[in-house]
Each structure stands twice: as structure tokens, then as C-alpha cells.
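Here is what each chain is made of, one letter per residue.
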Amino acid sequence: MTDGALDLDRITDDLERFSDALRALTAGLDERTARAAPPGVGWSILDVAGHLLDEEVLDFRPRLQSLLRDASATWPPIDPEGRAEEVRPSLGTLDETVERFAEERRASVAWLRALEEPDWDATYEHPELGPLRAGDLLLSWASHDLLHARQLVRLRHVALLADAAAFDSRYAGPPL
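Residues numbered from 1 in each chain as written. Predicted model: local features only at pLDDT ≥ 70, side-chain atom pairs only at ≥ 80, totals over all residues. Heavy atoms only, no water.

Looking only at helices and strands, the protein chain features six helices and two strands. Projected onto its principal axes, the C-alpha coordinates of the protein chain cover approximately 55 × 35 × 30 Å. A sequence separation of at least 24 residues applies to 77% of the contacts in the protein chain between residues at least 6 apart. Here the protein chain displays about 10,300 Å² of accessible surface, and carbon together with sulfur accounts for 54% of that area. Positive and negative charge centroids in the protein chain, built from 19 and 34 side chains respectively, lie 5 Å apart. (Helix = DSSP H or I, 4+ residues; strand = E, 2+ residues; numbered from the N terminus. Contact = heavy atoms within 4.5 Å. Areas by Shrake-Rupley, 256 points an atom, 1.4 Å probe, with all protein chains shown as cover. Lys, Arg positive; Asp, Glu negative; His and termini not counted. Charge placed at Lys NZ, Arg CZ, Asp CG, Glu CD.)

A word on the pattern of salt bridges. For the structure shown, the criterion picks out 13 salt bridges. Salt-bridge contacts for Asp20 lead to Arg23; the nearest nitrogen and oxygen are separated by 2.9 Å. Here the residue Asp20 and the residue Arg23 both occupy positions in helix H1 (residues 8-26), the gap between them amounting to three residues, near one helical turn. Given a relative accessible area of 26%, Arg23 falls into the partly exposed group. Salt bridges here are not isolated pairs; linked through shared partners, they connect Asp13, Glu16 and Arg113. (Salt bridge = Lys/Arg side-chain N within 4 Å of Asp/Glu carboxyl O. Buried < 20%, exposed > 50% of the residue type's maximum accessible area, 1.4 Å probe, protein only.)

This paragraph deals with H1. Along its 19 residues, H1 runs 27 Å from first to last C-alpha, staying within 8% of the 27 Å computed at 1.5 Å per residue. For H1, the principal kink sits at Phe18 and spans about 30°. Regarding H1, the residues found buried are Leu8, Ile11, Thr12, Leu15, Phe18, Ser19, Leu22, Leu25 and Thr26. Elements that come into contact with the buried residues of H1 comprise helix H3 (45-69), helix H5 (94-114) and helix H6 (134-163). Looking one or two residues past H1, Gly28 carries a phi angle of roughly 80°, positive in sign. (Expected span 1.5 Å × (residues − 1). Bend = angle between axes of the 7 residues up to and from the residue.)

Below, the discussion takes up a nonpolar patch on the surface. The grouping of Val57, Leu58 and Ile78 at the surface amounts to a nonpolar patch, some 200 Å² of accessible area in total. Inspection of the secondary structure assignment puts Val57 in helix H3. The partly exposed category is assigned to Val57, whose relative accessible area is 35%. (Patch = residues over 30% accessible without salt bridge, like charges linked within 9 Å, V, L, I, M, F, W, Y side chains within 5 Å.)

Summed over all chains, the structure comprises three aromatic pairs. Arranged with centres 6.0 Å apart and planes meeting at 5°, the rings of Phe60 and Trp141 form a pair that is stacked. Here Phe60 is found in helix H3, whereas its partner Trp141 is found in helix H6, with 81 residues between them in sequence. Judged by its relative accessible area of 1%, Trp141 is buried. (Phe/Tyr/Trp six-rings, centres within 6.5 Å; stacked < 30°, edge-to-face > 60°.)

What follows is about the pairing of strand E1 (residues 123-126). Only one face of E1 is covered, namely the face carrying Tyr124 and His126; the face carrying Thr123 and Glu125 is uncovered. Sheet topology places E1 next to strand E2 (residues 130-133); four bridges connect them, and they run antiparallel. Paired with Glu125 across the strands is Pro131, a residue of E2. (Pairing = 2+ DSSP bridges.)

Below, the discussion takes up the side chain of Ser108. Mapped onto the elements of the fold, Ser108 is located in helix H5. Of the polar contacts made by the side chain of Ser108, one reaches the side chain of Arg61; its length is 2.9 Å. The residues contacting Ser108, other than those within four sequence positions of it, are Glu56, Arg61 and Trp141. (Polar contact = N/O pair within 3.5 Å; in protein donor to acceptor, adjacent residues only side chain to side chain.)

Our focus in this paragraph is the side chain of Ser19. As for its placement among the helices and strands, Ser19 is situated in helix H1. Given a relative accessible area of 7%, Ser19 falls into the buried group. Not counting residues up to four positions away in its chain, the partners in contact with Ser19 are Phe101, Ala102 and Arg105.

Written out as C-alpha cells, the structure is:
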């Protein structure tokens, strides 16, 4: 970037570490809990893991590759919410989905580490968001991980409360 504000190594390290964070956030869950979509919460934990896998394969990596290669190339449309409904029945187990994500993330990290002098100011004209620089997309990729980590923590909390419904967790502090 022209102002030098993008730390590729740090962001790439964060992207790399997220596979371990995802494993930790999904560890020890039975498939019933993983597939349960709590009322009013939206997606299940498996849905979130499947979405992260989709975003790795269909969105962030290929779109950043496209933008760095040719900023004028049109991105194919994607529908994350529709895709979640479409692929939910075909997702494997939670552990399988998380491991598939980890494999794809390793490929993404390897690609990012191999970049030579990328133009982080290369700009794509997004039809809804307007100008979107390569650096903006990279930052959004790492930010997307954290937003879904927060979602997974909330889903784990809902599952925990359901596992002890006869008891009260108010001593822990306000609910998430």
C-alpha cells in the first residue's frame, strides 16, 4: 500500500493460525450439537464451518488472486446464505469440514507467502461496495475469520446453556 500500513506477514500469520482456532472452537462437539441451528441464532456450528470452507475456496483466495492478476476481471457471483442452504445436507462431519478448511487454508497461506511485490492498491470496482483494493480484500479475509470466531463462541455458549438448562449461569456475567 502506498502508506505502508499493510503487514502481509502478520495478516498471513493470523490467517494461518485461524485453522487451529477453528479446531479449538469446534473440538469435542457431537454431531447433533454441531448440526443444531438454534432458533433465532441462524446457522449451526457445522454451517459456519462449511461457510468458512466455501469462502476459502470460492471467495477470498480466488478473488484476491483475480484482483492481483487483473483488477478489471469480473468476479463470478456468490451467494453465501443460499450456498449454506444448498450444501448443508452434503456436508460431512464437523471434523471433516474443519480439516478440509485447514487444507484449503494451508494452500492460501502458501500462495500468500509466495507473492512477490503484490500491488495492494490494485482496485476492483465492486458492484455494491464500490472501489475495493487488494489490501482491503486481504484485511477483510482475516476480519471475516474473527467475525465467525465470535459467532462460533456464541453458538458454543448456546449449546452449553442447553446442556445445563436446569441451572443458571448469571454468576459468569451477562450472556453473549
